[in-house]
Amino acid sequence: MNTAILIDFGSTFTKAAVADLEAGRIIYTVKTPSTVQTNAREGLTICYDSIRQEIGADRFQCAKKLATSSAAGGLRMVVVGLTETLSNTAGRNAAFGAGAKILKTYAGSLTDSDIQEMEALNVEIILFCGGYEGGNIKIVRHNAEMLLRMSVNTSVPIIYAGNSEFIQELKILFYHKHREVFVVSNIIPQVGVVNSLPAEILIRNIFLERITNMKGLGEVKKVLDSIVMPTPASVLQAGELLSLGCEAEDGFGPLMIVDIGGATTDIHSYCLCMAADGARIIGVEEPYAKRTVEGDLGMRESCGLTIGEAGVAAAAADLTVTEDEIQRFIDRRLKNIEFLPKGSLVDCQAELLFDQQLARYACRFAVRRHAGILEAVPSKLFAKLQRGKNISCVTTIIGTGGPIINSDDPRGILSEALKTSKDDKLQILLPEAARLMLDQDYIFYAAGMLKEINPQAAIKIMKNSIREV
């Protein structure tokens, strides 16, 4: 088997890439508007017909066929923990690592209003964590009882990843209410120890077995070898492989991936989290491969929020237009999220400049939320506290997603991830310089799947598909 066909069922497009595993190259790509809301098989058939015509029926028949899915906007989750800095942060890291979209996090004792809000969110999985091993279970018990009060979405899977001393009581509580609960190892079993992998694996499995709600999924499964994982999790794995390398291929070392979309901006970082300037690290241990998702930073559905983060007046000044014009740009995109700049040359240029500035803002703010920060403290033992991940060691920043790939100035967008004098004063732990690169073939989702069967081919494909800007 020297050919792999790698499919992504997205909400906007169904995409496919054909990989020559021996050469380590993508030899053909095709995409078609998504049909996941009607019948996923329709879009897949269009892609398959095109691929079969391109590579021949025999090669098509023998090819390995794998798929990811981000259909229906991704896996919608909430995280319930005890503290924002520990169990909640660990839970968010596990959920993001599994490819989920976090709708809301709750810390401490749940209230009636919290439960009402949760019911209205149309959540698909609840990650319930909190408490060191052997610790007090009073708040955990209270939160379990509150979750059982949910009157809608009673089939929503709940994953418990907290203090194991509560597991038996938890199972009895849920059994009497005829509710299902999944149990995994404690996500923070003791101070300074994070064990998020069991929760990540279970979240992915639930997604693949129960959550993927594409119509026609049964037919699709028959013509695939497997649906491997959620698309964001595949991208996260691809970046980790490119960073670390494999036995036959060297990696790039510490790197970051910036993925800007219509509704969200995803940031992935790959490096060991080291203490900066002799600081003491507090909070949850940061993973080597970390993903964060900013649901209020994007190019279409959340463009108004992106501008709001920058400030309308600041955006108007950056683009040398009026604030009313800024609002017209926003309204046009909110009215039609598929809007692409076109029309007369002058109007088209203004729209392109607005999109470019939106992408710069999305990158700027998302990366700074992802990065850790230093805080001065009055202590004889240490001068500073470090909260979050130190990504100052990153040497490569790779842009992916349509807004960056199709930009006339991708370097201008990606340079927003680098430290400025303002960041220095705020002590945000960002890289001062890095090689800026572009995933020109939009291939990370495919490489993440290939990692499962042929990591050497996967890393070669990524190296052949990215270029410096």
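Here, the structure is the one placed above.
Residues numbered from 1 in each chain as written. Predicted model: local features only at pLDDT ≥ 70, side-chain atom pairs only at ≥ 80, totals over all residues. Heavy atoms only, no water.

## Focus on the overall build of the protein chain
1) Next: Looking only at helices and strands, the protein chain features 18 helices and 21 strands.
2) Next: Against the 2.2 N^0.38 benchmark of 23 Å for 469 residues, the protein chain shows a C-alpha radius of gyration of 23 Å, consistent with a compact globule.
3) Next: By principal-axis analysis of the C-alpha atoms, the protein chain measures approximately 60 × 55 × 50 Å.
4) Next: A burial count over the protein chain gives 53% of its 469 residues as buried.
5) Next: In the protein chain, of all internal contacts separated by at least 6 residues, the share reaching a separation of at least 24 is 71%. (Helix = DSSP H or I, 4+ residues; strand = E, 2+ residues; numbered from the N terminus. Rg over C-alpha atoms; globule rule 2.2 N^0.38 Å. Buried < 20%, exposed > 50% of the residue type's maximum accessible area, 1.4 Å probe, protein only. Contact = heavy atoms within 4.5 Å.)

## Remarks on the nonpolar core
1) Next: Formed by 40 residues in total, the largest nonpolar core has its most connected members in M256, V258, I260, I326 and I397.
2) Next: Ranked by residues supplied to this core, first place goes to helix α13 (residues 345–370) with 9 residues.
3) Next: Non-local contacts of M256, meaning those with residues more than four positions away in its chain, are made with I267, H268, S269, V367, I391, V394, T396, I397, I398, A417 and P431.
4) Next: One finds A17, F252, A289 and A446 within the second-largest nonpolar core, a separate group that totals 35 residues. (Core = buried A, V, L, I, M, F, W, Y, C linked by side-chain atoms within 4.5 Å.)

## Some remarks on the pairing of strand β19 (residues 396–400)
1) Next: The buried fraction of β19 amounts to 5 of the 5 residues, a majority that puts the element mostly inside the structure.
2) Next: Covered by surrounding structure in β19 are T396, I398 and T400 together with I397 and G399, the residues of both alternating faces.
3) Next: In this structure, β19 lies alongside strand β20 (residues 435–439), joined through 4 bridges in parallel fashion. In the strand pairing of β20, I397 is matched with L436. (Pairing = 2+ DSSP bridges.)

## Points about the sheet that holds strand β15 (residues 280–282)
1) Next: Taken in spatial order, the 3 strands line up as β15-β18-β17 in an open sheet, and their pairing is mixed. Bordering the open sheet on either side are β15 and β17 (373–376), each of which pairs with just one other strand. Each strand of the sheet is rotated relative to its neighbour by a mean of 35°, with strand direction disregarded.
2) Next: As defined by bridge partners, β15 adjoins strand β18 (residues 384–387) across 3 bridges and the pair is classed as parallel. Looking across to β18, one finds that I281 is bridged to Q386. (Axes fitted to C-alpha atoms, helices over the stretch in contact; angles between N-to-C directions.)

## Some points on the layout of surface pockets
1) Next: By volume, the second largest pocket is sized at about 650 Å³.
2) Next: T89, R92, E286, K290 and R369 are the residues nearest the centre of the second largest pocket, which is lined by 26 residues in total.
3) Next: Only α3 (87–97), β6 (100–107), β15, β16 (289–294) and α13 provide two or more residues apiece to the lining of the second largest pocket. (1 Å grid on protein atoms, 1.4 Å probe; cavity = no way out; pocket = protein on both sides within 12 Å on 5 of 7 lines; lining within 4 Å. Points joined across faces, edges and corners; volume = space filled by probe spheres on them.)

## Here's the deal with the environment of T35
1) Next: Of note, T35 is situated in the loop between β3 (25–33) and α1 (40–55).
2) Next: Not counting residues within four places of it along the chain, the set of residues in contact with T35 comprises T14, A40, E42 and G43.

## What about unusual backbone geometry?
1) Next: Here H178, not a glycine, exhibits a phi torsion of approximately 55°, which is positive.
2) Next: The topology assignment puts H178 in the loop between α6 (167–176) and β9 (181–183).
3) Next: For H178, a relative accessible area of 75% translates into the label exposed.
4) Next: One non-glycine residue, Q427, adopts positive backbone phi at about 60°.
5) Next: Positionally, Q427 belongs in the loop between α16 (421–426) and β20.

## Some words on the pattern of salt bridges
1) Next: Summed over all chains, the structure comprises 24 salt bridges.
2) Next: Residue E117 is joined to K104 by a salt bridge in which the shortest nitrogen-to-oxygen separation is 3.8 Å. With E117 in helix α4 (residues 112–120) and K104 in strand β6, the pair connects residues that are 13 residues apart, well separated along the chain.
3) Next: What makes E117 partly exposed here is its relative accessible area of 33%.
4) Next: Note on K104: relative accessible area 31%, which makes it partly exposed.
5) Next: One salt bridge connects D355 with R300, and the closest N-O pair in it is separated by 3.0 Å. (Salt bridge = Lys/Arg side-chain N within 4 Å of Asp/Glu carboxyl O.)

## So, α1
1) Next: If you check α1, its first and last C-alpha atoms are 23 Å apart, about what 16 residues at 1.5 Å a residue would give, namely 22 Å.
2) Next: Along α1, the residues that are buried comprise A40, G43, L44, C47, Y48, S50, I51 and I55. Taken down its axis, α1 places every buried residue within 165° of arc, on the same side.
3) Next: Just downstream of α1, G56 is the residue with a positive phi angle, here 95°. (Expected span 1.5 Å × (residues − 1). Arc of directions from axis to C-beta.)

## A word on the sheet that holds β20
1) Next: Reading across from one edge, β16-β14-β13-β19-β20-β21 is the order of the 6 strands in this open sheet, with mixed pairing throughout. Pairing within the sheet leaves two strands with one partner each, and these edge strands are β16 and β21 (466–468). Neighbouring strand axes in the sheet, compared pairwise and without regard to direction, differ in orientation by 20° on average.
2) Next: Note that β20 and β21 share 3 bridges and pair antiparallel. Along β21, the bridge assignment pairs M437 with E468.

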